[in-house]
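# Fold and contact review
If you want the building blocks of each chain, they are given just below.
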Amino acid sequence: MKFKIFTLFVFLFSLYGNAQDTKTISGVIVDPTDMPLPGAEVKVIGKNIFSITDFDGNFTLENVEEGDVFRVTFLGFKPQEITISTEDTYNVTLEEDAGQLEEVVIVGYGTQKKRDLTGSIATIEAEEIEKTPTSNVMQSLQGKVSGVQIVNSGSPGDSPTVRIRGLGTFGDATNVLYVVDGALYDNIDFLNTKDIKSVNVLKDASSSAIYGVRAANGVVIIETKSGRKNQKIQFEYDGYTGIQRAQNVVKLANTEQFYTMAQESGSQADINFIENAIQRYGRSRINPNVPAVNTDWYKEILREGLIQNHSISASGGGEKASYAVGANYTDQEGVLDMKNNYERFNIRSKIDVDVTDRLKAGVNSIFSNATKFTPENGAWFRAYFAVPVMPVIDELNTEAGPIPYSNAQLLGYRGTQNPFQDMSYNENRQKIRKLLTTMYLQYDIIEDKLDFKTTYSHDYSSLENRDVNLPYTLGNNFERRSSIRRENNNFSNQFWDNVLTYDDSFGDHDLTVMLGASYRDEASNTFSATGFDISGIDLETSWYLDFADRDSFSNNVNERGVRFYGVSYFGRVAYDYKDKYLLYATLRADGSSKFTLDPWGYFPSVGLGWVISDEEFLADNEFLDFLKLRASWGKLGNDNVAASAGSNTINVITTPIGDNPRTGLTSTSVFSNNTWEVIEEKNFGLNLQTFDNRLSIDADYYIRDTHDAILPVYIPIVNRSVDRNSGVIRNEGLELSANWSHQVSDDFSYRIGANFTTLKNEAIEIEDEAGYIDSGSAEFRQRTTLGGPLLGFYGYERIGVYQNQQQIDNDPIALENDLEPGDLIYRDQNGDGVIDDSDRVILGSFLPEYTFGGSVGVNYKAFEFSMDVYAQTGNKILNRKRGEIIFTQDTNMDADLAINRWHGEGTSNSYPSSAGLRKAWNQRLSDFWVEDGDFFRIQNVQVAYNIEAEGLPQTRIYFTAEKPVSIFDYNGFNPEVSNGVDRQTYPVPAIYTLGVNLKF
């Protein structure tokens, strides 16, 4: 009994002793300027004891012992470890991580330290994105990321074209994948720039491979702003308003120039039409040979458009949860003078909760409600061709109504030409509603080592189109009946991801292993109907199908639905040894219902990295702060293409047999049994930091091959094109970016940055008997040839203009084709003395060979100044609106043609004469119609002033000029043409805004 009592006494004493050894400590975490850091993580190493600093940077740790070590981490600062001593209070100052090498970068289904990346990933922070006044986030990336081409659209609400490392296929198969807080989207037109924290662009196959079939054209990962735990609620308002103005407006030939060209053309009819205009509208007082009317049609259809954006948000958090909520309103008028605008209202919420110490949950939701009135783009085309000798309104045209617009037919011309009936009597409205929800549960199976995360996301969108054509007359028996077209589109895309991640460090080894599975279900339904002769057309309440003539619905009602499924399994290993030797490997197996021949694809990738600057032989160097070499290889599948499909084409024909007509059927069968497009990419890169981390340089060289590219192959026997695996397209290039930043003093800092990209796009295999693949129309041919670019412009090469009759007489080709001085001279490529189809060559590509982006920023006390520039060269544009003179020879043209035309020996050696423009010889597709698309632009200029005063909210007032100056030679509104064919391109306007940001 005595022994038991003694044992119990010793046990209780030991407990008492242990209890005496534990204690509670507290402290504050600050930055080098003594500003508190809310949201910093303070964790005791090896124990389940941690804290998050509150709004004032305070923390508390309970049940700690002397000798324990706690680690403090905060994004953008170097981690710090502190050993607990006899003290109970610890004030910790974190050092800024100048090189940002410890910065955590979001990658597929996880994160990595920036220094550990082996692939090509570019990061753009929120302040860079917010500088651009736009309704679409991706427009703000133009010129900021090497290897990424952004082709803007000036039409309100339209998304830009985004290409990462060139183009390897056709159509929708080129779409980039967007990942927003873990959810996958094809389009991010619902996002507000103020809601974004950062954008990461995954450019190479190794970085993108974890997303499999959706990542073939690159991945853009977007993280939205969140609240922080233990953070007091913070409100923020940001708003700007301004105007948009079309720049570089094309000069059209005026009445004097138009009259001169008509005289020189040799067309008596055109001369008579101008005389008719004189009779109808009177003579000019300056030149009595021309009409008094001198209409600049582009000036007439353009206007200044207003733009405004207002955002308000609230964020914060407690010990167990964080939140961020907000609302946004944006409104943008188009520069086309009609009902052409985009209006969007967004509500978002993001909530993360620690349900238990090991279980976390979160919900991220966005509701977007937008209305877009799309422009009648045909107005640009009509305005280009409209003759200047008629006015917008013709009071003499009494048969026109409701508005007496002029009609060129009344002067003798073939077309009505006036663009205003398109703008006044059409209204095209889209209602775009999106509900986007992502939910997740994450459970720490083994704390800080093994966790499981399941995520479900649902993108439900509806698009309602209502196109109304109002009735009108233009005189000369030209009358249009009313019509309405309704189209409802519903999209439901669901994704369910399950990911198991193991993360551990032991000795000099860091290891992360991830295994996952993903399921997707994508469905869409489209219903459309068209009716004519609407009763009560003057009332918008009658703009429904019920008010149209019911008999007119016949053969005008359509419905179709599409549904695809996909199942994927994937895994990743990320390993580093001594933070110097890096390995990153992934494998993904994708199953897609689109491919009936081979539904499964397997896509591996591997990346290696070597941090040379950490080697002992560079330990004493004073130049290199950081140097890493990278190399990666990977394969990606692409199923963002049309599903394998066949068609039995049956035609009913009637043909005479003997003396009697006989009716019968002809049948052909064309089947596309496609398999995966496979992108194989090699990437070699380096990351360098020097001069005390002030200068950073990133470089990448890549070779990106699209195997089994699905291209449209023309089948002569059925006179149609069928999408088939038809070749290998290579994109190859070099990407460089350099940034210098220097904090000169507490009051003054500056930064300079530049990026440069090269691109060579070519077909290295063509799997077609013809040896090439034709696209475009017969008159404006594009061709993909072995060794040539994808969709290259295909035509004749000019070498001059015939100047005199002697030159004609000395040239058999000119004599053979009845040519005259003022006609173009084409190069006889094969030297056979004949100009025919065999002399056509590739004239260039719409993809730029070189792009350049630059930026400069200066901060002085409360003032901020920044400027971005962008340039590209080596791309071509088919000026099709000019080339369509082959269809409409009695119309106007641009002033450049009128001024630079050949009108006598020595006047021009590149432009044909007025008469020559009407000849089929000169109208052939040649480099006369295919122009250089080179341009330089001041992309963005912003000046801001910050106000911090007691009793006032933190205030920032800013002025922004977006795209204020563009310099180029192309004869169009702008050289940004997505597919390189300019028929009726909406101008990209300059935007001037004044805004304010308030935080309180």
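Relevant structure appears above.
The rules behind each value
- Residues numbered from 1 in each chain as written.
- Predicted model: local features only at pLDDT ≥ 70, side-chain atom pairs only at ≥ 80, totals over all residues.
- Heavy atoms only, no water.
- Helix = DSSP H or I, 4+ residues; strand = E, 2+ residues; numbered from the N terminus.
- Buried < 20%, exposed > 50% of the residue type's maximum accessible area, 1.4 Å probe, protein only.
- Contact = heavy atoms within 4.5 Å.
- Pairing = 2+ DSSP bridges.
- Phe/Tyr/Trp six-rings, centres within 6.5 Å; stacked < 30°, edge-to-face > 60°.
- Axes fitted to C-alpha atoms, helices over the stretch in contact; angles between N-to-C directions.
- Polar contact = N/O pair within 3.5 Å; in protein donor to acceptor, adjacent residues only side chain to side chain.
- Salt bridge = Lys/Arg side-chain N within 4 Å of Asp/Glu carboxyl O.

## Some remarks on the overall build of the chain
When helices and strands are counted, the chain shows 13 helices and 54 strands. Taking the principal axes of the C-alpha coordinates as reference, the chain spans close to 130 × 70 × 65 Å. By the burial criterion, 52% of the 1000 residues in the chain qualify as buried. Within the chain, contacts between residues at least 6 apart in sequence are counted, and of these 69% link residues at least 24 apart.

## Some thoughts on the pairing of strand β20 (residues 341–354)
Note on strand geometry: in a regular strand, side chains alternate between the two faces of the sheet. Relative to β20, strand β19 (residues 321–333) runs antiparallel, the two being bridged by 13 bridges. Looking across to β20, one finds that Gln 332 is bridged to Tyr 342. Between the end of β20 and the start of strand β21 (residues 359–374), which pair antiparallel, lie four residues.

## Notes on the packing of aromatic side chains
Inspection of every chain in the model, using the stated rule, returns 31 aromatic pairs. Aromatic side chains Tyr 569 and Trp 600 sit 6.3 Å apart centroid to centroid with 15 degrees between the ring planes, which places their arrangement in the stacked category. With a gap of 31 residues between them, Tyr 569 in strand β29 (residues 557–577) and Trp 600 in strand β31 (residues 600–611) connect regions that are remote in the sequence. A relative accessible area of 32% means that Trp 600 is categorised as partly exposed.

## Concerning the sheet that holds strand β3 (residues 50–52)
Strand order across the open sheet formed by four strands is β3-β2-β5-β6, with antiparallel pairing between neighbours. The sheet terminates laterally at β3 and β6 (80–83), the two strands that pair on one side only. Sheet twist, expressed as the mean angle between neighbouring strand axes with direction ignored, is 20 degrees.

## A word on the sheet that holds strand β1 (residues 22–30)
As summarised here, the arrangement of the three strands in space is β4-β1-β7, forming an open sheet in which the pairing is mixed. Two strands in the sheet have a free side with no partner beyond their single neighbour: β4 (58–65) and β7 (89–93). Between one strand axis and the next, the sheet turns by 30 degrees as a mean value, whatever way the strands run. As paired elements, β1 and β4 share six bridges and run antiparallel to each other. Its bridge partner lying in β4, Gly 27 is registered against Phe 59.

## Examining the environment of Ile 45
Counting through the fold element by element, Ile 45 comes out in the loop between β2 (41–44) and β3. Once residues within four sequence positions are removed from consideration, Ile 45 is found in contact with Val 69, Arg 71 and Glu 81.

## Describing the environment of Gln 409
By the secondary structure assignment, Gln 409 is in the loop between β22 (400–401) and α8 (420–424). Separated by 153 residues in the primary sequence, Gln 409 and Val 562 place their C-alpha atoms 46 Å from one another. Not counting residues within four places of it along the chain, the set of residues in contact with Gln 409 comprises Arg 414, Gly 415, Thr 416, Asn 476 and Phe 478. In terms of polar contacts, Gln 409 uses its side chain to reach the backbone carbonyl oxygen of Arg 414, at 3.1 Å.

## Let's talk about the pattern of salt bridges
All told, the structure shown has 67 salt bridges when counted by the stated rule. A salt bridge links Lys 225 to Glu 130; its shortest N-O distance comes to 3.1 Å. Residue Lys 225 is located in the loop between β16 (219–224) and β17 (231–245), and its partner Glu 130 is located in helix α2 (residues 126–130); the two are separated by 95 residues in the primary sequence. Since its relative accessible area comes to 22%, Lys 225 is described here as partly exposed. Taking the shortest distance from any N to any O, the salt bridge between Arg 630 and Asp 700 comes out at 3.0 Å. Of this pair, Arg 630 sits in strand β32 (residues 624–638) while Asp 700 sits in strand β36 (residues 695–707), and the two are 70 residues apart along the sequence. Residue class for Asp 700 comes out buried when judged on its relative accessible area of 6%. One network of salt bridges, with partners in common, ties together Glu 128, Lys 131, Lys 144, Arg 751 and Asp 868.

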